[in-house]
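# Descriptive structure summary
The chain contents come next:
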Amino acid sequence: MSRIGRMPIAVPAGVTVDIAENNKVTVKGPKGTLERVLPSEMEIKKEGEEIIVTRPNDLKKMKSLHGLTRTLINNMVVGVTDGYTKELEVNGVGYRASKSGNKLTLNLGYSHPVEMIDPEGIESAVDGNKIIVKGIDKEKVGQYAAEIRDKRRPEPYKGKGIKYADEVIRRKVGKTGKK
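Here's a quick rundown of the structure.

Tallying secondary structure elements over the chain gives three helices and 13 strands in all. Taken over the C-alpha trace, the chain has a radius of gyration of 21 Å; the compact-globule value for 179 residues is 16 Å, which it surpasses by more than 25%. Counting only C-alpha atoms and orienting by the principal axes, one finds that the chain spans roughly 70 × 45 × 25 Å. With 179 residues in all, the chain has 38% of them scored as buried. Between the mean site of the 34 positive side-chain charges and the mean site of the 24 negative ones, the chain shows a separation of 11 Å.

Written out as structure tokens, the structure reads:
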């Protein structure tokens with residue numbers, strides 16, 4: 001039995017979960033509304049103040065979908081209550097990030113500034129050399145943060161570039177002179 005799939009999802013106060021046909025799950029909460037169509041093979045039931053996901057049989061595909069379905073619903077519930085944040089750091093001489101309206105401008109040592117517009121439902125903020133990406137959809141927050149990081153990935157010699165706040169860069173030793 002899937003350890004994650006078996007666990008019930010607690011629905012906090014102020015959150016409503018609607019399960020329509022074809023497993024279309026809508027979660028409404030204080031921060032907003034999320035909708036997602038989940039695999040139709042899984043059975044999603046609401047029992048009192050919790051949601052239980054069950055699988056029809058023990059085929060490998062069903063086992064893997066079981067935990068996934070439960071985690072996706074849980075991420076939606078956490079998203080509409082607390083929201084998700086990702087923190088990135090800009091390191092390097094002359095590397096800067098600035099924000100105006102919904103446009104994020106990055107100066108990353110290229111001949112031109114890189115401009116990015118926040119996707120719908122996601123907001124980013126700049127605090128010194130930190131970029132904070134916030135939103136209710138975990139997938140979109142992670143995707144946008146990854147796209148920002150992709151503009152200039154951290155390099156292993158000086159550690160210049162954009163990295164996640166909790167990321168550890170494996171440093172390399174540079175060249176040594178002749179003796």
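Before going further, it helps to examine the nonpolar core. Most often, soluble globular proteins keep nonpolar side chains buried together rather than apart. Residues Val17, Val25, Val27, Ile44, Ile51 and Ile73 are the most contacted members of the largest nonpolar core, which totals 20 residues. For this core, the elements supplying multiple residues, two or more each, are β3 (24–29), β6 (50–54) and α2 (60–81). Ranked by residue count, the leading element in this core is α2, at seven residues. Residues in contact with Ile44, not counting those within four places in the same chain, are Ile19, Asn23, Val25, Leu38, Ile51, Ile52, Val53, Thr69 and Ile73. Core analysis: the second largest hydrophobic core is formed by 19 residues, Leu106, Ile122, Val133 and Tyr164 among them.

Of note, Asn22 is a non-glycine position whose phi angle comes to about 60°, a positive value. Tracing the chain through its elements places Asn22 in the loop between β2 (16–20) and β3. Taking the relative accessible area as the measure of exposure, Asn22 reaches 59% and is therefore exposed.

Spatial strand order, β2-β3-β4: three strands in an open sheet with antiparallel pairing. Here the strands that pair on one side only, and so sit at the sheet edges, are β2 and β4 (32–37). Averaged over all adjacent pairs, the angle separating strand axes in this sheet is 15°, with direction ignored.

Cut-off values and rules
Residues numbered from 1 in each chain as written. Predicted model: local features only at pLDDT ≥ 70, side-chain atom pairs only at ≥ 80, totals over all residues. Heavy atoms only, no water. Helix = DSSP H or I, 4+ residues; strand = E, 2+ residues; numbered from the N terminus. Rg over C-alpha atoms; globule rule 2.2 N^0.38 Å. Buried < 20%, exposed > 50% of the residue type's maximum accessible area, 1.4 Å probe, protein only. Lys, Arg positive; Asp, Glu negative; His and termini not counted. Charge placed at Lys NZ, Arg CZ, Asp CG, Glu CD. Core = buried A, V, L, I, M, F, W, Y, C linked by side-chain atoms within 4.5 Å. Contact = heavy atoms within 4.5 Å. Pairing = 2+ DSSP bridges. Axes fitted to C-alpha atoms, helices over the stretch in contact; angles between N-to-C directions.

Just geometry here; none of it tells us what the structure is for.
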